[in-house]
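So the chains spell out like this:
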Amino acid sequence: MTVIDFTAFIERLASASGDTILPFFRTSLGIDNKNAGRDLDPVTEADRGAEAVMRRMIKESFPQHGIIGEEFGTERPDAEYVWVLDPIDGTKSFISGMPIWGTLIALTHRGQPAYGMMHQPYIGERFSGDNGAALYQGRTGKRKLSTRRCASLAEATLFTTSPRLMNDADRAQFSHVEQEVRLSRYGGDCYSYCMLAAGHLDIVIETELKPHDVAALIPIVHGAGGIMTTWEGEGAEHGGRIVASGDKRLHDTVLKMLQG
């Protein structure tokens with residue numbers, strides 16, 4: 001069985017999670033803070049409900065598969081196929097009424113992300129990829145995704161969710177890159193990687209990411225012709241400090257700067 005066999009099922013997962021989330025969006029929903037400290041790490045009933053729906057569907061259809069989810073933990077992580085779920089990536093935007101969030105659904109095969117989808121049900125967009133190709137589906141129809149060529153920082157557009165999420169040392173290294181680019185913008189979460197895959201921006205730099213933050217995005221970025229690694233140039237599937245670029249020449253330059 002190949003990963004392509006699961007494409008229709010992933011579409012169903014996306015639809016079911018979107019149907020669960022949308023009734024909560026832009027309402028006075030309750031918010032819990034997963035962080036015991038001062039910083040806000042929000043979770044809502046929309047997060048929990050969407051992940052629960054997807055987990056139930058996976059267990060009914062593929063009981064032998066593993067599942068890693070942001071809200072309900074890990075089951076059978078050593079299985080040949082493991083689903084990695086982030087029901088709402090960008091919960092801070094979600095609770096602020098901003099539509100810059102999405103549901104991340106990844107399927108890994110023997111530990112490597114093989115297929116990923118980002119679904120934004122409010123806007124009605126889906127971005128998917130299998131490392132070899134990437135696809136957009138939305139109100140304007142379907143089209144292949146392709147990153148744009150950009151070899152120079154002076155011509156590049158850079159995104160990060162927020163420099164405030166970085167520690168002091170990482171923020172300093174990030175600022176070296178930021179000072180050299182044509183345009184720097186904040187916010188976006190998973191949407192930034194999809195816009196990179198669509199050829200609208202050139203670099204995304206983040207820190208402190210978890211596997212569920214990146215597993216679905218790696219096949220999309222790679223499928224569109226981009227590259228996504230840790231700051232050390234290693235595989236991004238375990239999260240950590242991540243950089244994605246649309247052009248490998250630009251990626252090499254960014255890595256050298258981030259590594260000091």
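Our subject in this report is the structure included herewith. (Residues numbered from 1 in each chain as written. Predicted model: local features only at pLDDT ≥ 70, side-chain atom pairs only at ≥ 80, totals over all residues. Heavy atoms only, no water.)

## Re the overall build of the protein
Alright, step 1. For the protein, the helix and strand inventory stands at eight helices and 15 strands.
Alright, step 2. Relative to its length of 260 residues, the protein is compact, with a C-alpha radius of gyration of 17 Å against a globular reference of 18 Å.
Alright, step 3. C-alpha atoms of the protein, sized along the principal axes, occupy 50 × 45 × 40 Å.
Alright, step 4. For the protein, the proportion of its 260 residues judged to be buried stands at 54%.
Alright, step 5. Here the contacts in the protein between residues at least 6 apart in sequence split such that 59% fall between residues at least 24 apart.
Alright, step 6. Just so you have it, the protein exposes about 11,700 Å², and 50% of that area is on carbon and sulfur atoms.
Alright, step 7. Side chains of the protein give 27 positive and 34 negative charges; the mean places of these two sets differ by 4 Å. (Helix = DSSP H or I, 4+ residues; strand = E, 2+ residues; numbered from the N terminus. Rg over C-alpha atoms; globule rule 2.2 N^0.38 Å. Buried < 20%, exposed > 50% of the residue type's maximum accessible area, 1.4 Å probe, protein only. Contact = heavy atoms within 4.5 Å. Areas by Shrake-Rupley, 256 points an atom, 1.4 Å probe, with all protein chains shown as cover. Lys, Arg positive; Asp, Glu negative; His and termini not counted. Charge placed at Lys NZ, Arg CZ, Asp CG, Glu CD.)

## Quick look at unusual backbone geometry
Alright, step 1. In this structure, Asn131 is a non-glycine residue whose phi angle is positive, near 80°.
Alright, step 2. In this fold, Asn131 is placed in the loop between β8 (125-129) and β9 (134-138).
Alright, step 3. Asn131 gets classed as partly exposed once you look at its relative accessible area, which sits at 30%.
Alright, step 4. With phi around 60°, Glu208 is a residue other than glycine that occupies positive phi space.
Alright, step 5. Tracing the sequence through the fold places Glu208 in strand β13 (residues 203-209).

## Considerations on the sheet that holds strand β11 (residues 157-160)
Alright, step 1. One open sheet accounts for five strands, arranged β12-β11-β13-β15-β14; its pairing is mixed. In the strand order of this sheet, the two ends are held by β12 (183-186) and β14 (227-230), each with one partner. This sheet shows a mean twist of 20° between the axes of neighbouring strands, independent of strand direction.
Alright, step 2. The pairing of β11 with β13 spans two bridges and is parallel. Following the sheet pairing, Leu158 is matched in β13 by Ile203.
Alright, step 3. In this fold helix α5 (residues 190-197) packs onto β11, β13, β14 and β15 (240-245), with an angle of close to 150° to the strand it touches most, β13. (Pairing = 2+ DSSP bridges. Axes fitted to C-alpha atoms, helices over the stretch in contact; angles between N-to-C directions.)

## Examining the environment of Glu71
Alright, step 1. For Glu71, the position within the fold is in the loop between β3 (66-69) and β4 (73-75).
Alright, step 2. Classification of Glu71 as buried rests on a relative accessible area of 17%.

## A look at the side chain of Thr108
Alright, step 1. With respect to the helices and strands, the residue Thr108 is situated in strand β6 (residues 102-109).
Alright, step 2. Using a relative accessible area of 7% as the deciding quantity, one classes Thr108 as buried.
Alright, step 3. In contact with Thr108, other than residues within four places in its own chain, are Glu80, Tyr81, Val82, Val84, Pro113 and Ala114.

## A short note on the sheet that holds strand β5 (residues 81-89)
Alright, step 1. Judged by pairing direction, the sheet is mixed, and its eight strands sit side by side in the order β4-β3-β5-β6-β7-β8-β9-β10 without closing on themselves. Where the open sheet ends on each side, the last strands, each with one partner, are β4 and β10 (141-144). Averaged over all pairs of adjacent strands, the angle between their axes in this sheet comes to 15°, without regard to strand direction.
Alright, step 2. Direction of pairing for β3 relative to β5: parallel, over a ladder of four bridges. Bridging from a neighbouring strand, Gly66 pairs with Val82 of β5.

## Examining the packing of helix α4 (residues 168-178) against helix α8 (residues 248-258)
Alright, step 1. Their axes nearest at 9 Å, the elements α4 and α8 cross at an angle of 140°. Taken together, the axis directions place α4 and α8 in an arrangement best described as oblique. Note on packing geometry: the crossing formed by α4 with α8 is right-handed. Contacts between α4 and α8 pair Gln173, Phe174, His176 and Val177 from the former with Val254, Met257 and Leu258 from the latter. (Parallel < 35°, antiparallel > 145°, perpendicular 65-115°, else oblique. Left-handed = near helix turned anticlockwise from the far one by under 90°.)

## So, the pairing of β3
Alright, step 1. Judged from the three bridges that link them, β3 and β4 form a sheet pairing that is antiparallel. Residue pairing for β4: Gly69 is matched across the bridge by Gly73.

## Regarding the environment of Ala50
Alright, step 1. Position of Ala50 among the secondary structure elements: in helix α2 (residues 45-61).
Alright, step 2. Separated by 36 residues in the primary sequence, Ala50 and Ala14 place their C-alpha atoms 9.4 Å from one another.
Alright, step 3. Ignoring any residue separated from it by four or fewer positions in sequence, one finds Ala50 in contact with Ser17, Thr20, Ile21 and Pro87.

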